[in-house]
Amino acid sequence: MRSAWALAGIGIVGLIVWPIAGPVWALATVCLGLLLLLARHAANLAALADWLRDPLAKPVPQGGGAWEQVLVALYHFVRARIKQERQLADDLTRFRNAGLALPDGVVLLDAHDHIEWCNPIASEYLGLDEQRDPGQPLVNIVRHPDLAAYLEHGEYAEPLTLRLARGGGRVLSLAIIPYGEAQKLLLASDITLAEKVETMRRDFVANVSHELKSPLTVVAGFLETLTDSEVKLDEERRRGYLEMMREHTRRMQRLVEDLLTLSALESDRGPGDETLVDVPALLAGVREEALALSGGRHRVALSIEDPLALFANAQQLRSAFGNLVSNAVHYTPAGGDIRLSWRRRGAQAVFSVSDSGPGIEPRHIPRLTERFYRVDHSRSRETGGTGLGLAIVKHVLTRHQATLEIESEPGKGSSFSAVFPARRVKSAADAAPVAST
Ligand code: ADP
């Protein structure tokens, strides 16, 4: 309307000028009016063109007449777009932050399995570069035939277990969740520890079954012979069989007892019932037991360099020390020496058992505390060993924040030392009442 009024105004001014100044001046006045109108439109157009170069950064230009309506409509449109974009940016930031906070690796894949985005954990697990790799096919970066086959097969009900050569043999579980049109969300979780625990559990069950199998077979065999009415046995033979059955039954009993001790140590996190233990008194008892076990075949010396007491679980301590000492008795040939000592090392306290036995090759030493690990299987069975003694010792010491040190050389004997932290060590004066069991 305004433009029509302006044109009408120019025409009227021209018609007024014509009778006064003649047709030339009237035409000149109309031309001038039209030129001014055109200049205003050109200026508005130039402002609009300038604004359109970066519409989100600059304010919408002002304009009058027909321009005002167009520019106001544009202004509302741009305001709505800016709001929408801010909302989108906020949503994206929230999504990214959630992705960053996830304890698992996340990779977004497009319809062609090209990487769209990944979080830092996915970069660490799969060796992706968050900046460089988006846009690349995932299988080009993670070169593993199982992954390529999994993506190609397109069946994602079961996760894929991926054993990687990198990252110290890390084991990943990859789950794919399809979403949107044909995109995929890949979730990568580190299951290295769970795999290790599962392997240990399987080995443990196999080991226990194996340990129980041979004594059970022996007992079952003798029982069959003894109950077979057709087999005539003299009294001496019968007694011999019964004695062997008793020996194998004891072996099974010892194994079950050690398993129960280990299981109790594992299921209960803290060291349990702790008191101030009079270690010298406890060690005197341990020495008596060693002498009884040795039956006079070894010399067993006890040296208390400092009568220190220890804040500990007396029963567990006795079990650990007893295991170390009975190993020394079992593995040291007759006539050998066994020395027990309790002493101070700086602010720490150390219990050591040294023997003049066969010693242990260095390659076995780091594995001795593994369950059922034996250097010499037949020797261990001969001595009635369950293969769990040092595993129990290690558990007890760990619960007391103590460490086990093993020094040994083939042919030169062995020395096992339990080193207790300063905060558990008390001077002898504090040690009343005696708490040795
Ligand atoms: P075991 O019941 O077989 O003795 P342990 O866990 O107590 O089981 O010990 C593990 C292995 O460590 C033993 O089988 C033995 O080979 C070795 N070992 C332990 N103590 C000694 C020792 N004092 N001298 C030599 N070898 C030892």
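The rules behind each value
Residues numbered from 1 in each chain as written. Predicted model: local features only at pLDDT ≥ 70, side-chain atom pairs only at ≥ 80, totals over all residues. Heavy atoms only, no water. Patch = residues over 30% accessible without salt bridge, like charges linked within 9 Å, V, L, I, M, F, W, Y side chains within 5 Å. Areas by Shrake-Rupley, 256 points an atom, 1.4 Å probe, with all protein chains shown as cover. Salt bridge = Lys/Arg side-chain N within 4 Å of Asp/Glu carboxyl O. Helix = DSSP H or I, 4+ residues; strand = E, 2+ residues; numbered from the N terminus. Near = heavy atom within 4 Å. Polar contact = N/O pair within 3.5 Å; in protein donor to acceptor, adjacent residues only side chain to side chain. Expected span 1.5 Å × (residues − 1). Buried < 20%, exposed > 50% of the residue type's maximum accessible area, 1.4 Å probe, protein only. Contact = heavy atoms within 4.5 Å. Pairing = 2+ DSSP bridges. Domains from an automatic or database assignment. pLDDT = per-residue confidence, 0-100. Phe/Tyr/Trp six-rings, centres within 6.5 Å; stacked < 30°, edge-to-face > 60°. Lys NZ or Arg CZ within 6 Å of the ring centre and 35° of its normal. Axes fitted to C-alpha atoms, helices over the stretch in contact; angles between N-to-C directions.

Turning to a nonpolar patch on the surface, a few remarks are in order. Where nonpolar side chains cluster on the molecular surface, the patch consists of I12, I16 and I20 and spans about 330 Å² of accessible area. In this fold, I12 is placed in helix α1 (residues 2-21).

Near the ligand you find 19 residues, and of these N327, Y331, S380, G387 and L390 are the closest. T386 places a polar main-chain atom, nitrogen or oxygen, 2.9 Å from an oxygen atom of the ligand. Within the backbone of G387, an N or O atom sits 2.7 Å from an oxygen atom of the ligand. Contact with the protein chains covers 96% of the free accessible surface of the ligand, which is 530 Å². Counting residues per element, the ones that place at least two in the shell around the ligand are α11 (314-331), α13 (389-399) and β12 (414-420).

For the rest of this paragraph, the subject is helix α2 (residues 23-52). Here α2 spans 43 Å end to end across 30 residues, near enough to the 44 Å set by a 1.5 Å rise per residue. Buried within α2 are the following residues: A26, G33, L37, N44, L48 and W51. Of the surrounding secondary structure, the elements contacted by the buried residues of α2 are α1 and α3 (66-101).

On the basis of which strands lie adjacent, the open sheet formed by 3 strands has the order β6-β8-β13 and antiparallel pairing. With one partner strand each, in any of the chains shown, β6 (275-277) and β13 (425-426) form the two edges of the open sheet. Here strand β8 (residues 309-312) pairs with β13 via 2 bridges, running antiparallel. Bridged to L310 within β13 is V425.

Let us look at the pairing of β12. The element β12 is largely enclosed, with a buried count of 7 among its 7 residues. Burial along β12 is two-sided: the face carrying S414, F416, A418 and F420 and the face carrying S415, S417 and V419 are both buried. In the sheet, strand β10 (residues 348-355) pairs with β12 via 7 bridges, with the strands oriented antiparallel. Bridge pairing links A349 to F420 in β12. Counting the residues that bridge the hairpin from strand β11 (residues 403-408) to β12 gives 5 residues, and of these G411 lies at a positive phi of roughly 85 degrees.

In this section: the domain arrangement of the chain. Partitioning the chain into structural domains gives domain 1 (2-92), domain 2 (102-190), domain 3 (194-267) and domain 4 (275-430). For domain 1 versus domain 3, the separation of C-alpha centres amounts to 102 Å.

For the chain, the mean per-residue pLDDT works out to 90, and 97% of the residues sit at or above 70. Mean pLDDT values for the elements of the chain range from 75 in helix α7 (residues 166-169) up to 98 in β12.

Before going further, it helps to spend a moment on the packing of aromatic side chains. Under the definition given, this model contains 7 aromatic pairs. Each ring, one from F95 and one from W117, has its centre 5.6 Å from the other, and the planes form 50 degrees; the classification is tilted. Here the residue F95 occupies a position in helix α3, and W117 occupies one in strand β2 (residues 115-118), the gap between them amounting to 22 residues. By the ring-pair criterion, three or more aromatic residues cluster together here, those being F321, W342, F351 and F420. Geometry around F204 places R371 over its ring, the cationic atom sitting 4.5 Å from the centre.

For the rest of this paragraph, the subject is the pattern of salt bridges. For side chains bearing opposite charge, pairing can occur when the charged atoms are close. All told, the structure shown has 25 salt bridges when counted by the stated rule. In this structure, D129 engages R132 in a salt bridge whose closest nitrogen and oxygen atoms are separated by 3.7 Å. Assessed through its relative accessible area of 60%, R132 is described here as exposed. Among the ionic pairs, D190 bridges to R170, the shortest N-O distance being 3.0 Å. Placement of the pair is D190 in strand β5 (residues 183-190) and R170 in the loop between α7 and β4 (171-179), with a sequence separation of 20 residues. The exposure class of R170 is buried, given its relative accessible area of 15%. Several salt bridges share partner residues, and in doing so they unite E124, R170 and D190 into one network.

The next subject is the side chain of S173. Along the chain, S173 falls in strand β4. Residues within four places of S173 in sequence aside, it is in contact with P159, L160, L187, A188, S189 and I191.

Turning our eyes to something else, we now look at the sheet that holds β2. Strand order in this open sheet of 5 strands is β2-β1-β5-β4-β3, and the pairing throughout is antiparallel. Since the sheet does not close on itself, it has two edges, and those belong to β2 and β3 (160-163), each with one partner. Taken pair by pair, the neighbouring strands of this sheet meet at an average axis angle of 25 degrees, ignoring direction. Sheet analysis places strand β1 (residues 105-109) next to β2, joined by 3 bridges and oriented antiparallel. Each residue of the ladder has a partner; that of V107, found in β2, is C118.

So, about the pairing of β10. Counting buried positions over the 8 residues of β10 gives 7, a clear majority of the element. Across 8 bridges, the pairing between strand β9 (residues 337-345) and β10 is antiparallel. Counted as the bridge partner of L340 is V353 from β10. Counting the residues in the hairpin turn of β9 and β10 gives 2 residues, including G346, whose phi is positive at 65 degrees.

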